[in-house]
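Each chain is listed here by its residues.
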Amino acid sequence: MKLNPQDFVVMKGARPIPMLTAYNCPVARSIEEAEVPVILVGDTVGMVEMGFDSTRDVTIEHMEYHIGAVRRGAKETHIIGDLPYGTDVDPETALTNAQRLIRAGADSVKLEGANVQVIRHLVEHNIPVVGHTGLLPQTAKNFKQVGRSSEEATRILNDAQAIEDAGAFMVVLEHIPYSLAGEITKALSIPTIGIGAGPDCDGQVLVINDALGLGDYWPPFSKQYAYVSKTVLKVANEFSREVGSRKFPSNIIQFTGTN
Ligand code: KIV
Ligand code: NA
């Protein structure tokens, strides 16, 4: 059963919310089968799937393509679609782009930063919004932890509060000190979803490629539950060897079907 924004708010303080990213249909299908209640089609797709150095290269068309694929694989799961860099520069532009993501299959949209005018405008037009503060990959100069100084910590806490006040139903906290994430989680009445933000958030999100061990770099705060790149290497090697030695395809078991 697909959860709506209010269901996630009710989960705050009651049970932790697991969230995974997904970018394609079969992975989304498995995540839905595992009953993970929310999938993020993040603009991380640009880095972990498309080979760009930055999420800034991701376009609204890329997001529509991936959201469509994920929706076809996970018809009964809440899908959050990221508004990519430059698509939320003002309220009207953000609304047009958010509507495109919703039409592509998203249930809500996520945007980076305490952009309160944009968040308000989307919410007024019935588009559920997820906020995102702490490390903001679209505009950050590097991927280091933020919020270590007391000024920066106060600014992030205020941003999280402003995101809630503007009408967001959930907020992602990325790569901040665990104590700050705990403080924000206590202060807000909407759920906080952490990535590199410690155990005191209301939920946790991982980039699926990091969780799968798919790729050649994984952030230190992520966890590899498998090493899929090793499996791909093994399969490619074995296939190549078997074609070379004519072991595959077998000449013993002949295919006799009609399709
Ligand atoms: O794009 C993404 O995958 C994200 C998560 C890292 C929160 O924004
Ligand atoms: Na993102």
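Residues numbered from 1 in each chain as written. Chains lettered and ligands numbered in written order. Predicted model: local features only at pLDDT ≥ 70, side-chain atom pairs only at ≥ 80, totals over all residues.

The protein is annotated in an unreviewed UniProt entry as 3-methyl-2-oxobutanoate hydroxymethyltransferase from Marinobacter oulmenensis. The UniProt entry for the protein carries the following text under Subunit (unreviewed entry): "Homodecamer; pentamer of dimers." (UniProt positions renumbered as here; feature names shortened; annotations may be inferred.)

1. What about the site of ligand 1?
Neighbouring ligand 1 are the residues T21, L40, G42, D43, T44, D82, V172, E174, I195, V205 and V207. For the shell around ligand 1, the class distribution of residues is 5 nonpolar, 3 polar and 3 charged. (Near = placed C-beta within 6 Å. Nonpolar A, V, L, I, M, F, W, Y, C, P; charged D, E, K, R; others polar.)

2. Side note on the UniProt feature "binding site: 3-methyl-2-oxobutanoate" (unreviewed entry) in the protein
As recorded in UniProt, the sites labelled "binding site: 3-methyl-2-oxobutanoate" (unreviewed entry) are D43, T44, D82 and K110. The annotated residues occupy 68 residues of the chain but converge on a single region, no pair of C-alpha atoms lying more than 12.5 Å apart. Examined against the element boundaries, D43 turns out to sit in the loop between β2 (38-41) and α3 (45-48). Mapped onto the fold, D82 is located in strand β3 (residues 78-82). (Helix = DSSP H or I, 4+ residues; strand = E, 2+ residues; numbered from the N terminus.)

3. Section: the environment of Y217
The residue Y217 is located in the loop between α9 (208-212) and α10 (228-244) in this model. Y217 gets classed as exposed once you count the C-beta atoms within 10 Å, which come to 9. Taking the C-alpha atoms as reference, Y217 lies 9.1 Å from V48; in sequence the two are 169 residues apart. (Buried ≥ 20, exposed ≤ 12 C-beta atoms within 10 Å, placed from the backbone.)

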